[in-house]
Amino acid sequence: HPESGGNKVRGLEFTLAEAVGRGARSIITIGAAGSHHVACTAWHARHLGLMTVALVTKQPPAEYARRNLLRGLALGVEYVPANWATLPPKLASRLVRSGWPGGLRAYYLPPGGTSALSCLGCVNAARELREQIYAGLFPEPDYLYVALSSLGTAAGLAVGCRLAGLRTKLVGI
């Protein structure tokens, strides 16, 4: 996406569509304080009329984290500080207050945005790669390097490459 891109957009295409389809009014997710996932989710959710609540854990200071945090604040993200001990009760409290699961006014998006549904975005990416290779735009790559955190991108690309019949090897960083 030209304004808020990266690998997260692939999964958000599916998860935010599901959230809207279920009538959600907000997204509740988890990430580090300067998470790209939180900032990207907030940008796309806002453009669909959804608010974002992010339960966040501490993160070592870094310029990219600062930029992501400031972007989230500018997009109206409600940041809820947490640690690994307080995260489960804070998440449960937020979900219950939002009417979840009965009313489902909030859509829960797991850490990093990774779910079986979001992985389909990277399965599609591998299919698109195969189509570009078959069209002669470039040869099949020997390797694809992907960031490892919540593993959604790697899982989706691994399945997608296999289904597409690609011999490309994934290397997680």
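Starting afresh in each chain, residues are numbered from 1 along the sequence in its written order. At least 70 in pLDDT is required for a residue's local features to be given in this predicted model, at least 80 for side-chain atom pairs to be given and counted, and no such filter applies to totals for whole chains, interfaces and linings, which use all residues. In computing side-chain values, all of the structure's heavy atoms are included and hydrogens and water are not.

**Student:** Got a minute to help me understand unusual backbone geometry in this structure?
**Tutor:** Within the chain, Leu-151 stands out as a residue other than glycine whose phi angle is a positive 75°. Locating Leu-151 in the fold gives a position in the loop between β5 (143-146) and α6 (152-164). Only protein chains enter the accessibility calculation, which uses a 1.4 Å probe. A residue is then buried if its area is under 20% of the maximum for its type, exposed if over 50%, and partly exposed in between. Leu-151 sits in the partly exposed class, given a relative accessible area of 47%. Each helix is a run of H or I in the DSSP string that is no shorter than four residues. Each strand is a run of E no shorter than two, and both are numbered from the N terminus.

**Student:** I would appreciate a short explanation of the environment of Ala-33 in the present structure.
**Tutor:** By the element assignment, Ala-33 lies in the loop between β1 (26-32) and α2 (36-46). Remark: the alpha-carbon pair of Ala-33 and Lys-58, spanning 25 residues in sequence, is separated by 5.8 Å. Contacts were defined at the residue level, with two residues in contact if any of their heavy atoms lie within 4.5 Å. Here Ala-33 is in contact with Val-56, Thr-57, Gln-59, Leu-69 and Tyr-79, once residues within four sequence places are set aside.

**Student:** Is there a simple way to think about the sheet that holds strand β4 (residues 106-109) in this case?
**Tutor:** Taken in spatial order, the 4 strands line up as β3-β2-β1-β4 in an open sheet, and their pairing is parallel. Lying at the two open borders of the sheet, with one neighbouring strand each, are β3 (78-81) and β4. In this sheet, adjacent strand axes meet at a mean angle of 25° when their direction is disregarded. With 4 bridges connecting them, β1 and β4 associate as parallel partners. Bridge pairing in β4 links Ser-26 to Ala-106. When DSSP locates at least two bridges between a pair of strands, those strands are taken to pair. Only the stretch in contact is used when fitting a helix axis, every axis being a line fitted to C-alpha atoms; angles between N-to-C directions are given from 0 to 180 degrees.

**Student:** Would you take a moment to explain the environment of Ser-26 for this structure?
**Tutor:** Relative to the helices and strands, Ser-26 is located in strand β1. On the basis of relative accessibility, which here comes to 12%, the residue Ser-26 falls in the buried class. Aside from chain neighbours lying at most four places away, what touches Ser-26 is Leu-50, Met-51, Arg-105, Ala-106 and Tyr-107.

**Student:** Is there a simple way to explain the side chain of Thr-52 in this structure?
**Tutor:** For Thr-52, the position within the fold is in strand β2 (residues 51-57). Judged by relative accessible area, Thr-52 falls into the buried class, the value being 4%.

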